[in-house]
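Next come the chains, spelled out residue by residue.
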Amino acid sequence: MKDIIGLTSRIVKESNLKVTTISQKCGVKAQTIRYWEREKPSDALVQNINAVLNVCGYELAVVRKCEVNNAETREQQRLS
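Summary of the structure given here. Here the residue index of a chain counts from 1 through its sequence in written order. Given that the model is predicted, a residue must reach a pLDDT of at least 70 before its local features are reported, and side-chain atom pairs must reach 80 or more before they are shown or counted; all residues, however, enter totals for whole chains, interfaces and linings. Note: side-chain values were computed over all heavy atoms of the structure, leaving out hydrogens and water.

1. Thoughts on the overall build of the protein chain
Consideration 1: Helix and strand labels come from DSSP, where a helix needs a run of H or I of at least four residues and a strand needs a run of E of at least two; each type is numbered from the N terminus. Each helix and strand in the protein chain was counted, giving 5 helices and 0 strands.
Consideration 2: For the protein chain, the N- to C-terminal ordering of α and β elements is α-α-α-α-α.
Consideration 3: Relative accessible area decides the class of each residue, using a 1.4 Å probe on protein chains only: under 20% of the type maximum gives buried, over 50% gives exposed, and in between gives partly exposed. In the protein chain, which comprises 80 residues, the proportion classed as buried is 26%.
Consideration 4: Exposure was quantified through the Shrake-Rupley algorithm and a 1.4 Å probe, taking into account, for residues, occlusion by the shown protein chains and nothing else. Put simply, the protein chain shows about 6,100 Å² of open surface, and 48% of that area lies on carbon and sulfur atoms.

2. Looking at the nonpolar core
Consideration 1: Within the largest apolar cluster, 16 residues are counted, with the highest numbers of intra-cluster contacts made by Val 12, Ile 22, Val 28, Ile 33, Trp 36 and Val 52.
Consideration 2: Residue assignment for this core shows that the elements contributing at least two residues are helix H1 (2-14), helix H2 (19-26), helix H3 (30-39) and helix H4 (46-55).
Consideration 3: At 4 residues, the largest contribution of residues to this core is made by H4.
Consideration 4: Among all residues touching Val 28, those that are not within four sequence positions of it are Ser 23, Ile 33, Trp 36, Asn 48, Ala 51 and Val 52. The criterion is simple. A nonpolar core is a set of buried Ala, Val, Leu, Ile, Met, Phe, Trp, Tyr and Cys residues joined through side-chain atoms within 4.5 Å. Note on contacts: a residue pair is in contact if any heavy atoms of the two residues lie within 4.5 Å.

3. Comments concerning a nonpolar patch on the surface
Consideration 1: On the surface, a nonpolar cluster with roughly 300 Å² of combined accessible area is contributed by Met 1, Ile 4, Val 46 and Leu 60.
Consideration 2: Along the chain, the position of Met 1 falls in the segment before H1. Grouping into patches uses exposed residues only, defined as over 30% relative accessible area, and leaves out salt-bridged ones; the cut-off is 9 Å for like charges and 5 Å for nonpolar side chains (Val, Leu, Ile, Met, Phe, Trp, Tyr). A side-chain nitrogen of Lys or Arg and a carboxyl oxygen of Asp or Glu constitute a salt bridge if their distance falls within 4 Å.

4. Concerning the packing of H2 against H4
The axes of two packed helices give the description: the angle between them and the distance between them.
Consideration 1: The contact between H2 and H4 brings their axes to 9 Å, and the two run at 115 degrees. Relative to H4, the element H2 lies roughly perpendicular. Crossing hand, H2 versus H4: right-handed. Residues Ile 22, Lys 25 and Cys 26 of H2 form the contact with H4, whose participating residues are Ala 51, Val 52 and Val 55.
Consideration 2: Grouping the amino acids of the contact of H2 with H4 by side-chain chemistry returns 5 nonpolar, no polar and 1 charged. Helix axes use the C-alpha atoms of the stretch in contact, all axes being lines fitted to C-alpha atoms, and the angles between their N-to-C directions lie in the range 0 to 180 degrees. Should an angle fall under 35 degrees it is called roughly parallel, over 145 degrees roughly antiparallel, and 65 to 115 degrees roughly perpendicular, with every other angle called oblique. Helix crossings are classified by the rotation of the near helix relative to the far one: an anticlockwise turn of less than a right angle makes the crossing left-handed, while a clockwise turn makes it right-handed. Any residue outside Ala, Val, Leu, Ile, Met, Phe, Trp, Tyr, Cys, Pro, Asp, Glu, Lys and Arg is labelled polar, Gly included; the first ten of those are nonpolar and the last four are charged.

See below:
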């Protein structure tokens, strides 16, 4: 979880949006976002992380790894 918080903090910094603006748009307290930047906690709520990322133009997603054997099957599924 610390990696996700670290990445989220970096995205916030690179977004050129003020933390207060992000906070107002997503409903996550500015204090919380600043805490993530300082402490990189492991107990942040996933819905808060997702809300902040959405305001910054990102989405949090779980994506299945593509395996070599399944790549052709997935491509066939998309075409049908």
